Amino acid sequence: MPGQQEYTREEVATHNTESSCWIIIDNVVYDVTKFLDLHPGGAGVIMDMAGKDATDDFYNLHRQEHLLKYSKRLQIGTIAGQKPEIIVTGPGDISKVPYAEANYWQGHRSTYYNDSHKAFRVVLRKFYDEEIIPEALVSEELGKVPSPELFRKMGDFGLLAAAVGPGPHLQGQNLPGGLKPEEMDFFHEQIMHEESARIGCPGFSDGLGAGLMIGLPPIFNFGSYEMQQKIIPEVLSGRKRICLAITEPFAGSDVARIKTTAKLSPDGKHYIVNGTKKWITNGVFCDYFSTAVRTPKGITMLLIERSEGLETKPIKTSYSPAAGTSYITFENVKVPVENILGKEGQGFQVIMYNFNHERWAICCSVIRASRLIVEECFKWANQRKIFGKRLIDQPVIRAKLAHMIANVEAIQNWLENITYQMTQMSYKEQSRALAGPIALLKLQCTRVSHMVSDEACQIFGGRAITKTGMGRLIEQFQRTNKFGAILGGSEEIMADLGVRQAMKDFPNARL
Ligand SMILES: Cc1cc2nc3c(=O)[nH]c(=O)nc-3n(C[C@H](O)[C@H](O)[C@H](O)COP(=O)(O)OP(=O)(O)OC[C@H]3O[C@@H](n4cnc5c(N)ncnc54)[C@H](O)[C@@H]3O)c2cc1C
């Protein structure tokens with residue numbers, strides 16, 4: 001087997017011409033002769049390293065994924081008596097880079113997680129690495145929405161059910177790794193959102209589950225029995241897709257100002273819906289729309305099926321069109337009266353019912369996405385050499401990393417505390433006690449992600465503003481980290497809500 005042959009460094013050194021060009025990377029010998037003309041950076045850069053050890057130079061300029069892409073084809077052997085030393089992470093692996101995982105996953109103790117959470121993360125990470133990332137990397141770049149096959153695969157694996165969290169709606173559903181529906185808790189769900197954010201393709205990740213995560217709860221909390229029996233299995237199996245359509249060009253933060261109308265038909269059997277919705281995630285490919293409308297009795301929620309008069313158009317945003325962000329128009333759309341969610345005029349309660357959960361899920365994603373950037377920075381600072389030193393040897397760069405790590409660890413610990421409260425409190429108690437803390441956590445998460453993005457850009461330099469190559473995740477993060485600061489309630493609204501909630505419990509105390 002050519003890949004297992006052993007060579008001395010002297011032997012490799014003799015292959016230093018364009019007709020026979022070998023290089024060494026991490027004690028592995030590569031014959032790159034035929035690759036010279038294919039190298040995107042030109043043949044000259046490789047020829048400078050011909051016959052030599054190119055480990056430092058390679059990692060100064062390339063991500064490991066590039067090596068893995070070509071290594072099988074180009075590897076001819078190893079250096080005699082030596083083995084590769086650089087870690088290659090495989091599907092499902094937990095990172096060994098400090099702070100690249102929350103501390104429990106790197107061996108610390110925790111009162112929150114048990115063996116079932118551990119097993120859940122292992123199967124989920126493997127599934128993401130093997131089944132989702134290959135499509136995600138391509139589609140995020142091309143702006144292609146997730147394929148119907150991938151939705152079905154996720155449905156069969158139980159990932160879609162895991163995205164909507166614990167509760168009676170899971171009865172009869174299969175969950176990842178054979179987890180029983182009654183065993184699923186908010187820590188499992190937290191893990192699910194974290195793993196989704198870890199793939200570093202925010203548009204595609206939202207394409208896979210953001211609409212479902214906010215669009216299905218109104219059905220299982222407020223839909224009729226018949227509606228639930230039909231819609232929940234269709235959607236959780238990945239055969240149909242659903243989203244939440246509240247926002248309009250006229251009304252974002254101020255939901256009460258929505259203008260889309262629903263009027264009863266003369267025979268009283270249908271609502272006739274007219275109006276527009278803006279920025280609806282997944283809308284371009286959805287079959288069902290949990291929609292806020294205005295009726296004579298006030299704001300009302302309806303389940304609207306894609307049908308005549310309903311049109312969706314993509315909206316270009318800062319992240320990938322893979323999210324399926326849409327502008328929706330309703331022109332005389334006929335909706336059976338049975339499709340009401342909750343009671344007429346009580347749509348506001350339906351909308352509010354899932355808000356804390358949505359905001360908490362955004363926190364899970366924002367923290368994990370920020371942590372991924374910490375890992376990228378730590379690795380880069382360790383391998384990038386300039387002015388004769390690694391970046392990590394510069395105190396200024398260590399201070400930046402310290403700032404990033406300390407902030408991400410702080411919000412992770414606050415998140416875990418809030419998740420724990422969610423596992424212990426009834427829905428009613430959560431609404432009363434956690435609305436404020438979740439709003440403030442979300443505010444803090446997006447402030448931290450903003451800072452992480454800023455520091456990461458400085459650590460990566462030009463690569464942070466280049467879409468491909470070493471800094472591709474940093475570029476993506478600085479382009480997309482604001483999504484968390486606006487979606488599900490903007491920072492200003494979160495700050496205000498957090499303090500107003502606290503004021504409700506303010507005692508008659510004085511200085
Ligand atoms: C990519 C994307 C996906 C989305 N997905 C969905 C979806 O699936 N479904 C859905 O229904 N909606 C969705 N939205 C809408 C999103 O929830 C709104 O953008 C958000 O609620 C803010 O509304 P707005 O953008 O209209 O801002 P506005 O309400 O116009 O506010 C503008 C700015 O003013 C600030 N502001 C507003 N009120 C106050 C106040 N009282 N005090 C201080 N500052 C204030 C806000 O913080 C905000 O930064 C999405 C939006 C985007 C961009």
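Numbers given for residues are sequential positions, taken from 1 along each chain in its written order. Since the coordinates come from a predicted model, pLDDT governs what is reported: local features require at least 70, and pairs of side-chain atoms require 80 or more to be given and counted, while whole-chain, interface and lining totals use all residues. Only hydrogens and water are removed before side-chain values are computed, so all heavy atoms of the structure are retained for them.

Draft legend 1. Focus on the overall build of the protein chain. In DSSP terms, a helix is any run of H or I states spanning at least four residues, a strand is any run of E spanning at least two, and both are numbered starting from the N terminus. Check the secondary structure of the protein chain and you find 18 helices and 15 strands. Computation of the radius of gyration draws on C-alpha atoms alone. For the globule rule, the value is 2.2 Å times the number of residues to the power 0.38. On C-alpha atoms alone, the protein chain measures out to a radius of gyration of 26 Å, which is about the 24 Å that the 2.2 N^0.38 rule sets for 511 residues. Expressed as lengths along the three principal axes of its C-alpha atoms, the size of the protein chain is roughly 90 × 65 × 40 Å. Think of it in three bands: residues with accessible area under 20% of the maximum for their type are buried, residues over 50% are exposed, and the middle band is partly exposed, with areas taken using a 1.4 Å probe on protein chains only. Going through the 511 residues of the protein chain one by one, you find that 52% of them count as buried. For this analysis, residues touch if any pair of their heavy atoms sits within 4.5 Å. Considering only residue pairs separated by 6 or more positions, the protein chain has 73% of its internal contacts joining residues 24 or more positions apart. Surface accessibility of the protein chain: about 24000 Å² in total, with carbon and sulfur atoms responsible for 55%. We treat Lys and Arg as the positive residues and Asp and Glu as the negative residues; His and chain ends play no part in the count. Each charge is placed at NZ for Lys, CZ for Arg, CG for Asp and CD for Glu. Positive and negative side-chain charges of the protein chain, numbering 58 and 57 respectively, have mean locations separated by a distance of 5 Å. The Shrake-Rupley method, run with a 1.4 Å probe, gives the accessible areas here. Residue values count only the displayed protein chains as cover.

Draft legend 2. Representation of the UniProt feature "domain: Cytochrome b5 heme-binding" (unreviewed entry) in the protein chain. UniProt positions are given in the numbering used here, feature names are shortened, and annotations may be inferred rather than shown by experiment. UniProt records the feature "domain: Cytochrome b5 heme-binding" (unreviewed entry) for residues 4-80 in the present numbering. The span residues 4-80 is 36% helical and 26% strand by assignment, and the distance between its end C-alpha atoms comes to 10 Å.

Draft legend 3. Local environment of the sheet that holds strand β1 (residues 5-7). Spatial strand order, β1-β5-β4-β3-β2: five strands in an open sheet with mixed pairing. Each edge of the sheet is formed by a strand with only one pairing partner; in this case those strands are β1 and β2 (16-17). Of the strand pairs in this sheet, strand β4 (residues 28-31) and strand β5 (residues 75-79) are connected by three bridges, and their pairing is antiparallel. Looking at β5, one finds that Tyr 30 is bridged to Gln 75. Two strands are counted as paired when DSSP detects at least two bridges linking them.

Draft legend 4. Quick look at the side chain of Thr 55. By the secondary structure assignment, Thr 55 is in helix α3 (residues 55-61). Think of a polar contact as two N or O atoms within 3.5 Å of one another; within protein, one of them needs to be a possible hydrogen donor and the other a possible acceptor, and neighboring residues in sequence only count if both atoms come from side chains. At 2.9 Å, the side chain of Thr 55 and the backbone nitrogen of Asp 26 are in polar contact. Ignoring sequence-local partners within four residues, the contact set of Thr 55 consists of Ile 24, Ile 25, Asp 26 and Ile 86.

Draft legend 5. View of helix α13 (residues 355-383). In this scheme, a helix's expected span is set at 1.5 Å multiplied by one less than its residue total. Given a rise of 1.5 Å per residue, 29 residues ought to cover 42 Å, and the 42 Å separating the end C-alpha atoms of α13 matches this to within 8%. A large share of α13 lies buried, amounting to 24 of its 29 residues.

Draft legend 6. Representation of helix α9 (residues 202-215) in the model. Relative to the 20 Å expected for 14 residues at 1.5 Å per residue, α9 spans 18 Å between its end C-alpha atoms, a close match to the ideal helical length. Think of it this way: the bend at a residue is just the angle between two axes, each fitted to seven residues, one set ending at that residue and the other starting at it. In the structure, α9 departs most strongly from a straight axis at Gly 209, where the bend amounts to approximately 45°. Here α9 lies mainly inside the structure; twelve of its 14 residues are buried. Burial in α9 covers these residues: Gly 203, Phe 204, Ser 205, Gly 207, Leu 208, Gly 209, Ala 210, Gly 211, Leu 212, Met 213, Ile 214 and Gly 215.

Draft legend 7. Region of the structure containing the packing of helix α5 (residues 115-142) against helix α6 (residues 148-157). Lines fitted to C-alpha atoms define the axes, with helix axes restricted to the stretch in contact, and inter-axis angles between N-to-C directions lie between 0 and 180 degrees. Packing of α5 against α6 leaves a shortest axis separation of 11 Å and a crossing angle of 170°. Between α5 and α6, the crossing angle belongs to the class labelled roughly antiparallel. Mapping the contact onto sequence places Val 123, Leu 124, Phe 127, Glu 131, Ile 132 and Glu 135 in α5 and Leu 150, Lys 153, Met 154 and Phe 157 in α6. We call Asp, Glu, Lys and Arg charged. Ala, Val, Leu, Ile, Met, Phe, Trp, Tyr, Cys and Pro are nonpolar, and the rest, Gly among them, are polar. Residue classes in the contact of α5 with α6 are distributed as seven nonpolar, no polar and three charged. Angle categories: roughly parallel below 35 degrees, roughly antiparallel above 145, roughly perpendicular from 65 to 115, and oblique for all the rest.

Draft legend 8. Molecular detail of the domain arrangement of the protein chain. Domain boundaries assigned for the protein chain yield domain 1 (2-79), domain 2 (103-205), domain 3 (242-351) and domain 4 (354-504). For the domain bounds, the source is a domain assignment made automatically or taken from a database. The gap between the C-alpha centroids of domain 1 and domain 4 is 38 Å. Taken together, the contact pairs seven residues of domain 1 with ten residues of domain 4. When two components associate, each loses some accessible surface as probed by a 1.4 Å sphere; the sum of these losses over both components is called the buried area. The junction of domain 1 with domain 4 conceals about 750 Å² of combined surface from both sides, 33% of it contributed by carbon and sulfur atoms.

Draft legend 9. Here's a closer look at unusual backbone geometry. Even without glycine at this site, Tyr 99 takes up a positive phi of about 70°. Looking at the secondary structure, you find Tyr 99 in the loop between β5 and α5. Classification of Tyr 99 as partly exposed rests on a relative accessible area of 37%. With a phi close to 50°, Phe 387 is a non-glycine residue in the positive phi region. You can see Phe 387 is positioned in the loop between β14 (385-386) and β15 (389-390). The class for Phe 387 is exposed, based on a relative accessible area of 81%.

Draft legend 10. Structural context of the site of the ligand. Surveying the vicinity of the ligand reveals 16 residues, the closest of which are Thr 247, Ser 253, Trp 279, Ser 490 and Glu 492. Between Ile 246 and the ligand, the recorded distance is 2.9 Å, taken from a backbone N or O atom to an oxygen atom. A distance of 2.6 Å separates a nitrogen atom of the ligand from a polar atom in the backbone of Trp 279. Burial of the ligand by the surrounding chains reaches 64%, relative to a free accessible area of 970 Å². Taken together, the elements giving at least two residues each to the shell around the ligand come down to β8 (270-280), α17 (483-486) and α18 (491-504). Counting contributing residues per domain, the shell around the ligand is built from domain 3 (242-351) and domain 4 (354-504), each supplying no fewer than three. Any residue with a heavy atom lying within 4 Å of a molecule or strand is counted as near it.

Draft legend 11. Expanded view of the pairing of β4. Across four bridges, strand β3 (residues 20-25) lies against β4 in antiparallel orientation. Following the sheet pairing, Ile 23 is matched in β4 by Tyr 30.

Draft legend 12. The packing of α5 against α9, seen in detail. Two elements in contact, α5 and α9, have axes whose closest approach is 8 Å; the angle formed by their N-to-C orientations is 115°. The handedness of the crossing between α5 and α9 comes out as right-handed. Contacts between α5 and α9 involve Ile 132, Glu 135, Ala 136, Ser 139 and Glu 140 on the former and, on the latter, Pro 202, Gly 203, Phe 204 and Leu 208. Two helices that cross are described as forming a left-handed crossing if the nearer one is turned anticlockwise from the farther one by less than a right angle, and a right-handed crossing if clockwise.

Draft legend 13. Fine view of the nonpolar core. If you look at the biggest cluster of nonpolar residues, it comprises 104 residues, and the most contacted ones within it are Ile 132, Leu 216 and Met 404. If one sorts the elements of this core by residue count, α13 sits on top with 15 residues. Apart from residues no more than four positions distant in its own chain, Ile 132 is found in contact with Phe 127, Leu 150, Met 154, Leu 159, Ile 199, Phe 204 and Leu 208. Only buried residues count toward a nonpolar core, which is a set of Ala, Val, Leu, Ile, Met, Phe, Trp, Tyr and Cys residues joined through side-chain atoms within 4.5 Å. Counting 17 residues, the second largest nonpolar core, distinct from the first, contains Tyr 271, Ile 280, Leu 302 and Ile 328.

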